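One letter stands for each residue in the lines below.
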Amino acid sequence: MRADNQAESRLINTTVFDRQALVTIYEQHNAELYRYAYRLVGDSALAEDCVSETFSRFLKAVRDGIGPVENVRAYLYRVAHNWITDYYRRQPLPPLSLEADLHGATDANPSHLVAGLMEQERVRAALVNLPPDQRQVIELRFVEDWSHEEVAAALGKSVEATRALQHRALIALRKVLLEEVS
């Protein structure tokens, strides 16, 4: 069992407030939650606020005894997603970035970098046109490299439902991208 799973088990399976387990969970999930939030909000300060509020809500839930029963990672992503959804309800939709870090290799060919950035912009623009649940499935599956089971747990849906959602999202994405080429 990995260290993060052990920490999650210690926290979930006891009523004792285990500070070391909380630290381990924070260290394990902080960076990936930040990348997820940054991709969706496009601003480092807002992404930091999202992660901070996500862990704050997580700690409150643990203290109140209503925290996650099984999958802490999925719980954290759901809290982060809800925070971002609340943010967007109050704000217009900003551009969506597919990269958390835009630094290229020093020996990279500029024409390849520009072509890659243009392709990413096309995909980003197409993703923005997808319904939010389809966009989230695509991001978790292909950008975050989550399994179908992890995505289903994060969305609170069955694996079959998330597979169907992913299928519809890929068809819609393909259609939008092919229309741009025509």
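Residues numbered from 1 in each chain as written. Predicted model: local features only at pLDDT ≥ 70, side-chain atom pairs only at ≥ 80, totals over all residues. Heavy atoms only, no water.

(A) Geometry of the confidence of the model for the protein. Looking at the protein as a whole, its pLDDT mean stands at 80, while 78% of the residues score no less than 70. When pLDDT is averaged over each helix and strand of the protein, the minimum, 54, is found for helix H1 (residues 3-12) and the maximum, 92, for helix H3 (residues 44-63). (pLDDT = per-residue confidence, 0-100. Helix = DSSP H or I, 4+ residues; strand = E, 2+ residues; numbered from the N terminus.)

(B) Region of the structure containing the nonpolar core. In terms of nonpolar packing, the biggest core is built from 30 residues, with Leu33, Val41, Phe55, Phe58, Leu76, Ile84 and Leu140 touching the most fellow members. Residue assignment for this core shows that the elements contributing at least two residues are helix H2 (19-41), H3, helix H4 (72-90), helix H6 (132-143) and helix H7 (148-155). Ranked by residues supplied to this core, first place goes to H4 with nine residues. For Ile84, the contacting residues outside a window of four places in its chain are Tyr36, Ala37, Leu40, Val41 and Cys50. (Core = buried A, V, L, I, M, F, W, Y, C linked by side-chain atoms within 4.5 Å. Buried < 20%, exposed > 50% of the residue type's maximum accessible area, 1.4 Å probe, protein only. Contact = heavy atoms within 4.5 Å.)

(C) The packing of H2 against H6, seen in detail. One can describe the packing of H2 onto H6 by two numbers: an axis separation of 12 Å at closest approach and a directional angle of 135 degrees. Classified by the interaxial angle, the pair formed by H2 and H6 is oblique. Between H2 and H6 the crossing geometry is right-handed. Within the contact between the two elements, H2 uses Tyr36, Arg39 and Leu40 and H6 uses Gln136, Glu139, Leu140 and Val143. Broken down by class, the residue content of the contact of H2 with H6 amounts to four nonpolar, one polar and two charged. (Axes fitted to C-alpha atoms, helices over the stretch in contact; angles between N-to-C directions. Parallel < 35°, antiparallel > 145°, perpendicular 65-115°, else oblique. Left-handed = near helix turned anticlockwise from the far one by under 90°. Nonpolar A, V, L, I, M, F, W, Y, C, P; charged D, E, K, R; others polar.)

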